[in-house]
Amino acid sequence: MPRHEGRHRNGADILADVVYEGNIGVAEGAPTTARLRDVLNRAGHVVIVEAPPDEADSADAARIVVTGAEIAGLAQVLTIVDGGTGDRCRCDGWPTIMVHDANGELIACWTLHHQSGLRGVGDCDADLRDGPALTAWLAKRGLTGSREVQAELAAQESEANLRRLRWLQAAPAGLRDAAMDVAQPPGRDLQAWSDRLSDATARLTTHVQHEYPDAIDRIRVLLAWAGIPARESTGGLKWYDMAIQQQLLAEDSDLVLAALATCPPSPAQLDGAAELFASLEWTEAHGTQLPEPLRSILIGHIEAHGTGPMRFRMHHGYYGAERSA
């Protein structure tokens, strides 16, 4: 009797057999398209479930069964970059692709990762040669989850690109080129990107010091730039925002306060001040109390024009003002 008959095999059983080298075992060696197609050439049917392996038998998970000539079509869109990535994604991955032979025996279990990679063909993950083609193939057969995720990721990437562009457009005179190096998004090799970011941030700091040698002028320019993320709907500080905040934190705190008192600060500078004075580094070093009249000016700005996060911080004692919501 085939093992998939006679008892209900859940995702844990599949993982025990396929992922953790039980009776079926994980394929050893680097993943290749040839190895993938060798498995599919022996397939009697393939079950694809829009769920990770440990939820593959859930009644709520959408699934299809691929048979006959459709298996060859699946093989065409499952081509991978030979050799693999040398690494494994930490997420469970989905959809789950379970390959059964002509007798119904489970012979392979693969998972998609981020709609761009495949696990289970070899000893590491492998990039798909055409992730969108596989996404379209699945959607045509009713499994639209990957397409929906891809659309969401594309929208997020578009917004991330627009946010970086707004930050670059706000760069002070003479700093745009150096800022572009800092704003480069991460790549697959995070350590290499981190090293490049460190170098780019150091170069930007040097350029800022050169373009704005007067400390008061420099701080006012940086504060206005640091205020950009305060108005972003996605919230939080990106790595390029942090590059500006860290420069402000490196300035003498008395000079930062003096820069805001020298002449009336602009709304953008007050936004930057609100971000700076609420940062963990500032509050740990200097507390939350601000001198007058800066305290009243900043609170007035927040009450009249502040964002939700600014108001939240104000109501919880930042800026030296503990107020009821």
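For the structure itself, look to the data block above.
Everything numeric here is computed off the predicted structure, so don't read it as measured data. All residue numbers refer to position in the chain's written sequence, counted from 1. Totals for whole chains, interfaces and linings use every residue, but because this is a predicted model, local features are given only for residues with pLDDT of at least 70 and side-chain atom pairs only at 80 or more, for both listing and counting. Calculation of side-chain values draws on the structure's entire complement of heavy atoms; hydrogens and water are dropped beforehand.

*Asks:* I'd like a description of the packing of helix α11 (residues 267–277) against helix α13 (residues 294–305), backed by residues and values.
*Replies:* For helices, the fitted line uses only the C-alpha atoms of the stretch in contact; every axis is such a line through C-alpha atoms, and the angle between N-to-C directions lies from 0 to 180 degrees. A helix here means a DSSP run of H or I that spans at least four residues, while a strand means a run of E at least two residues long, and both kinds are numbered starting from the N terminus. Axis separation between α11 and α13 bottoms out at 10 Å; the angle between their running directions is 105°. Accordingly, the angle class assigned to the pair α11 and α13 is roughly perpendicular. Facing α11, whose interface residues are Pro267, Leu270, Asp271, Ala274 and Phe277, α13 presents Leu294, Ile297, Leu298 and His301. Gly counts as polar in this scheme, as do all residues outside two lists: the nonpolar Ala, Val, Leu, Ile, Met, Phe, Trp, Tyr, Cys and Pro, and the charged Asp, Glu, Lys and Arg. Here the contact of α11 with α13 is built from residues that sort into seven nonpolar, one polar and one charged. Comment on the angle field: the value is read as roughly parallel under 35 degrees, roughly antiparallel over 145, roughly perpendicular from 65 to 115, and oblique elsewhere. In this description, contact between two residues means that some pair of their heavy atoms is separated by no more than 4.5 Å.

*Asks:* Lay out the pairing of strand β1 (residues 43–49) with the relevant residues and their values.
*Replies:* Most of β1 is tucked away: six of the seven residues are buried. Whether two strands pair depends on DSSP finding at least two bridges between them. In this sheet, strand β3 (residues 96–101) lies alongside β1 in antiparallel orientation, the contact comprising six bridges. The partner of valine 49 across the bridge, within β3, is threonine 96. Pairing of β1 with strand β2 (residues 63–67), which is carried by five bridges, proceeds in the antiparallel orientation. Note that in β2 the partner of valine 47 across the bridge is valine 65. Note on classification: 1.4 Å probe, protein chains only; a residue is buried when its accessible area is under 20% of the maximum for its type, exposed when over 50%, partly exposed between these limits.

*Asks:* Please set out unusual backbone geometry residue by residue, giving values where relevant.
*Replies:* A cis amide bond, omega -5°, links tryptophan 94 with the succeeding residue proline 95. Considering the arrangement of structural elements, one finds proline 95 in the loop between α3 (69–77) and β3. With an omega of 5°, the peptide bond running from glutamate 292 to proline 293 counts as cis. Tracing the chain through its elements places proline 293 in the loop between α12 (280–286) and α13. Its identity is not glycine, yet tyrosine 319 carries a phi of approximately 65°, on the positive side. Mapping tyrosine 319 onto the fold places it in the segment after α14 (308–315).

*Asks:* Lay out the sheet that holds strand β4 (residues 106–113) in plain terms, naming residues and giving numbers.
*Replies:* Ordered by their spatial adjacency, six strands build an open sheet running β2-β1-β3-β4-β5-β6, and the pairing between neighbours is antiparallel. The open sheet is flanked by β2 and β6 (126–127), the only strands paired with a single partner. Relative to β4, β3 is paired through five bridges, and the arrangement is antiparallel. Looking across to β4, one finds that isoleucine 97 is bridged to tryptophan 110. The strands touched by helix α2 (residues 33–41) within the sheet are β1, β3, β4 and β5 (117–119), with β4 carrying the most contacts at an inclination of about 130°. Where α3 meets the sheet, its contacts fall on β1 and β2, and the angle it forms with β1 comes to roughly 60°.

*Asks:* Please provide a residue-by-residue account of the packing of aromatic side chains, values included.
*Replies:* Two rings from Phe, Tyr or Trp (for Trp, the six-membered ring) form a pair when their centres are within 6.5 Å of each other. A pair whose planes differ by under 30 degrees is stacked, one over 60 is edge-to-face, and the rest are tilted. A complete count under the given rule lists six aromatic pairs for this structure. Between the aromatic rings of tryptophan 193 and tryptophan 239, the centroid separation amounts to 5.6 Å while the plane-to-plane angle is 85°, which identifies the pairing as edge-to-face. Note that tryptophan 193 is positioned in helix α7 (residues 190–211) and tryptophan 239 in helix α9 (residues 239–250), a separation of 46 residues in sequence. Its relative accessible area of 13% is what places tryptophan 193 among the buried residues. On the accessibility criterion, tryptophan 239 (22% relative accessible area) is partly exposed.

*Asks:* Let's hear about the pattern of salt bridges: which residues, and what values?
*Replies:* By definition, a salt bridge exists where a carboxyl oxygen of Asp or Glu is found within 4 Å of a side-chain nitrogen of Lys or Arg. Tallied over the entire structure, the rule returns eleven salt bridges. Across the pair arginine 166 and glutamate 159 runs a salt bridge, and its minimum N-O distance is 2.7 Å. Judged by relative accessible area, which is 33%, arginine 166 ranks as partly exposed. The class of glutamate 159 is partly exposed, set by a relative accessible area of 24%. Ionic pairing is found between arginine 218 and glutamate 251, a salt bridge with its closest N-O pair at 2.6 Å. Remark: glutamate 251 occurs in the loop between α9 and α10 (253–262) and arginine 218 occurs in helix α8 (residues 215–226); sequence separation between them is 33 residues. Per residue, the accessibility class of arginine 218 equals that of glutamate 251, and both read buried. Look at the salt bridges and you will find they share partners, linking Glu159, Arg166 and Glu232 into a network.

*Asks:* Lay out the layout of surface pockets in plain terms, naming residues and giving numbers.
*Replies:* Definitions used for this entry: grid spacing 1 Å over protein atoms alone; cavity, a set of points where a 1.4 Å probe fits but cannot get out; pocket, an open set with protein on both sides within 12 Å along at least 5 of 7 lines; lining residue, one with an atom within 4 Å of a point. Grid points are joined across faces, edges and corners, and a volume is the space filled by probe spheres set on the points. If you add up the space inside the largest pocket, you get close to 660 Å³. Lining the largest pocket are 22 residues; nearest its centre among them are His114, Ser116, Gly187, Arg188 and Leu190. Contributions of two or more residues to the lining of the largest pocket are made by β5, β6, α5 (145–169) and α9. Partitioning the lining of the largest pocket into residue classes produces nine nonpolar, six polar and seven charged.

Keep in mind these values describe shape, not function.
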